[in-house]
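# What the coordinates show
In case you want the letters, here they are:
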Amino acid sequence: ELTDILELDATNAKALLLQGRMYAAQAAQAQRENDEPLMNSKFEAALVAIRESLTQDPDSSEAYLVLGQILMMQENIEEAKEALENAIAADSENVDAYLTLATIAFRQQDIAEAETLYQKVLEIDPESLKGLAGSAELYVLRTNYAEAIEAASKVLELAPGTEGSPPRELISAHFTL
């Protein structure tokens, strides 16, 4: 399997997925550096690679997840949601797809939907740091401080930060690529 990926055969869905992830990471870096032309070209290359990967493996939950994440970063929210729902249809336990949908819901101020999605994450993986941190953040917004403290305490218990600083997940539960 690793040999297939490393060969980067143009018809290899895993190699295309890997290429798409690489381009998406480069696009995110260009976005942070405010290099819009590079960002746009890397996002486009990422989308081409991911969509080609999906033609080779149309049931790839991971490819749909990456597609959804890229589309979210491009603020193409409806298409991002559709891709993420396809990721979940292919793998009902795709925690990252639920987390990305929760991020979208949170950004759209649909707190009830975000809470439902974080709960689903925690049903699948009760020790998901991002799920716990996201839930804690929502509890704070709802002024449910006792539950916020409980969730935050579990994050601290599960993910030691560097001395004197909290784990990164506690600072923000929202997805960044």
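So, here's what we can say about the structure. Going along each chain's sequence as written, the residues are numbered from 1 onward. Per-residue local features are limited, in this predicted model, to residues with pLDDT of at least 70; the limit for side-chain atom pairs, both in listing and counting, is 80 or more; totals at the level of whole chains, interfaces and linings are taken over all residues. The side-chain quantities take in all heavy atoms of the structure and omit both hydrogens and water.

## Re the overall build of the protein chain
Convention followed: By the criteria applied, helices consist of DSSP H or I runs no shorter than four residues and strands consist of E runs no shorter than two, each listed in order from the N terminus. A 1.4 Å probe rolled over the protein chains alone gives each residue an accessible area, and that area as a share of the maximum for its type sets the label: buried under 20%, exposed over 50%, partly exposed in between. We get accessible surface area from the Shrake-Rupley algorithm with a probe of 1.4 Å; when it comes to residues, only the shown protein chains can shield them.
A tally of regular secondary structure across the protein chain gives 10 helices and 0 strands. Each helix and strand of the protein chain, ordered N terminal to C terminal, gives the series α-α-α-α-α-α-α-α-α-α. The buried share of the protein chain, reckoned over its 177 residues, is 42%. Summing over all exposed atoms, the protein chain offers an accessible surface of approximately 9,800 Å²; the carbon and sulfur share of this is 49%.

## Focus: a negative patch on the surface
Applied cut-off: Patch rule: a residue counts if its relative accessible area is over 30% and it has no salt bridge; like charges are joined within 9 Å, and nonpolar side chains (Val, Leu, Ile, Met, Phe, Trp, Tyr) within 5 Å. Only one rule defines a salt bridge in this text: a Lys or Arg side-chain nitrogen within 4 Å of an Asp or Glu carboxyl oxygen. Counted charges follow a simple rule, with Lys and Arg positive, Asp and Glu negative, and His plus the chain ends left uncounted. In this description, the location of a charge corresponds to atom NZ of lysine, CZ of arginine, CG of aspartate or CD of glutamate.
A cluster of acidic residues, Glu 82, Glu 85, Asp 110 and Glu 113, forms a negative patch at the surface. Examined against the element boundaries, Glu 85 turns out to sit in helix α5 (residues 77–90).

## Points about helix α2 (residues 13–32)
We apply this condition: Under the convention used throughout, the expected extent of a helix is 1.5 Å for every residue step, that is, one less than its residue count. Nitrogen and oxygen atoms within 3.5 Å of one another constitute a polar contact, given that in protein one can donate a hydrogen and the other can accept it, and given that sequence-neighbouring residues count only through two side-chain atoms.
A rise of 1.5 Å per residue sets the reference length of α2, with its 20 residues, at 28 Å; its end C-alpha atoms lie 29 Å apart and thus fit the reference within 8%. Those residues of α2 lying buried are Ala 13, Ala 15, Leu 16, Leu 17, Gly 20, Ala 24, Ala 27, Ala 28 and Ala 30. The opening residue of α2, the one whose side-chain oxygen lies 2.8 Å from the backbone nitrogen of Lys 14, is Asn 12. Remark: Asn 34 follows α2 within two positions and exhibits a positive phi of approximately 60°.

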